[in-house]
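# Chain and residue survey
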Amino acid sequence: MEILLIRHGQSEADLINVHEGRADYPLTDLGREQARRLACRLNEHCPPDIIWTSTLKRASETATILADTVGCMLMKEPGLMEYNNGVLAGMQREVAATKYPLPPGGRKPHEKIQDGESELEFRLRTEIAFSKILSESYAVARIAIVSHGGTISNLLKSFLQLPVTANVSFYTGDTGMHLLRKNGDKCILVSLNNTEHLLNL
């Protein structure tokens, strides 16, 4: 099976310097164009049989553009939502830095921001969602998962069997795409953060 991990396009939160996370902002016009370009690339080179998406607007809107172009099934999965950043969601970054500063050395994996989730809870949630998606998609050759930067980083760490405490993260740009292959128990990382479809944009 091939697995495409795709980040949503540019959202309105990217323009106003706020913590996004669970704040539910839609795509910008540029974000929609990024998604359309990726849709054309997928349709031509690697069309998925099923697209799974986070239920947050910026991801589900991206996924809908992809699914409409490719002509495949679209499935919504709440477990693919971004990190639950609690009280920080939608808050201006400079305000958050004053009201809720990070402790020295950062938060421990079991610690969480007010009304949010810990890194341990986030990783567990993404692992459960990933396992469900792979189980329910076993009969198809290629799937796409449209989600968020933090979630995708956790999905990659899960795929590579890295521990929660590993000091590793994976960057994904707007509509960046990672290609993974799973052959039985063998996990192959083919490419990371491909954004060729955005050239000349």
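Just above sits the structure.
Description of the structure in this document.

Relative to the helices and strands, Arg37 resides in helix 2 (residues 29-45). Separated by 49 residues in sequence, Arg37 and Gly86 have C-alpha atoms that sit 33 Å apart.

The grouping of Leu160, Leu189 and Leu192 at the surface amounts to a nonpolar patch, some 210 Å² of accessible area in total. Tracing the sequence through the fold places Leu160 in the loop between helix 6 (149-159) and strand 5 (177-183). Taking relative accessible area as the criterion, Leu160 reaches 32% and is therefore assigned partly exposed.

Glancing now at the pattern of salt bridges. If you walk through the whole model with that rule in mind, you get 13 salt bridges. As a salt-bridge pair, Arg36 and Glu33 come within 3.2 Å of each other at their nearest N and O atoms. Placement of the pair is Arg36 and Glu33 together in helix 2, with a separation of three residues, close to one helical turn. By relative accessible area, Glu33 is classed as partly exposed at 26%. Across the pair Arg123 and Glu127 runs a salt bridge, and its minimum N-O distance is 2.8 Å. Of this pair, Arg123 and Glu127 are both found in helix 5 (residues 119-136), four residues apart, which corresponds to roughly one turn of the helix. Residue classification places Arg123 among the buried positions, given a relative accessible area of 6%.

The next subject is the packing of aromatic side chains. Describing an aromatic ring pair means giving the distance of the ring centres and the angle of the ring planes. Following the criterion strictly, the structure yields one aromatic pair and no others. Seen from their ring centres, Tyr83 and Phe122 are 5.4 Å apart, and the 45° between their planes marks the pair as tilted. Here Tyr83 is found in the loop between strand 3 (73-76) and helix 4 (93-99), whereas its partner Phe122 is found in helix 5, with 39 residues between them in sequence. On the basis of relative accessibility, which here comes to 3%, the residue Phe122 falls in the buried class.

Turning next to the nonpolar core. Within the largest apolar cluster, 19 residues are counted, with the highest numbers of intra-cluster contacts made by Leu4, Ile6, Leu42, Ile51, Leu66, Val146 and Met177. Residue assignment for this core shows that the elements contributing at least two residues are strand 1 (2-7), helix 2, helix 3 (57-70), strand 4 (142-147) and strand 5. If sequence neighbours within four positions are ignored, Ile6 has contacts with Leu38, Leu42, Leu66, Ala144, Ile145, Val146, Ser147, Ile152, Gly176 and Met177. Counting residues in hydrophobic clusters, the runner-up holds 17 residues, among them Leu5, Ile143, Phe159 and Phe170.

So, on to unusual backbone geometry. Even without being a glycine, Thr175 presents a positive backbone phi close to 55°. Tracing the sequence through the fold places Thr175 in the loop between helix 6 and strand 5.

Turning our eyes to something else, we now look at the sheet that holds strand 1. Read across the sheet, six strands follow the order 3-2-4-1-5-6 without closing on themselves; strand pairing throughout is mixed. Every interior strand has two partners, whereas the edge strands, strand 3 and strand 6 (186-194), have only one. This sheet shows a mean twist of 20° between the axes of neighbouring strands, independent of strand direction. Pairing between strand 1 and strand 4: six bridges, direction parallel. Note that in strand 4 the partner of Ile6 across the bridge is Val146.

Conventions and cut-offs
Residues numbered from 1 in each chain as written. Predicted model: local features only at pLDDT ≥ 70, side-chain atom pairs only at ≥ 80, totals over all residues. Heavy atoms only, no water. Helix = DSSP H or I, 4+ residues; strand = E, 2+ residues; numbered from the N terminus. Patch = residues over 30% accessible without salt bridge, like charges linked within 9 Å, V, L, I, M, F, W, Y side chains within 5 Å. Areas by Shrake-Rupley, 256 points an atom, 1.4 Å probe, with all protein chains shown as cover. Salt bridge = Lys/Arg side-chain N within 4 Å of Asp/Glu carboxyl O. Buried < 20%, exposed > 50% of the residue type's maximum accessible area, 1.4 Å probe, protein only. Phe/Tyr/Trp six-rings, centres within 6.5 Å; stacked < 30°, edge-to-face > 60°. Core = buried A, V, L, I, M, F, W, Y, C linked by side-chain atoms within 4.5 Å. Contact = heavy atoms within 4.5 Å. Pairing = 2+ DSSP bridges. Axes fitted to C-alpha atoms, helices over the stretch in contact; angles between N-to-C directions.

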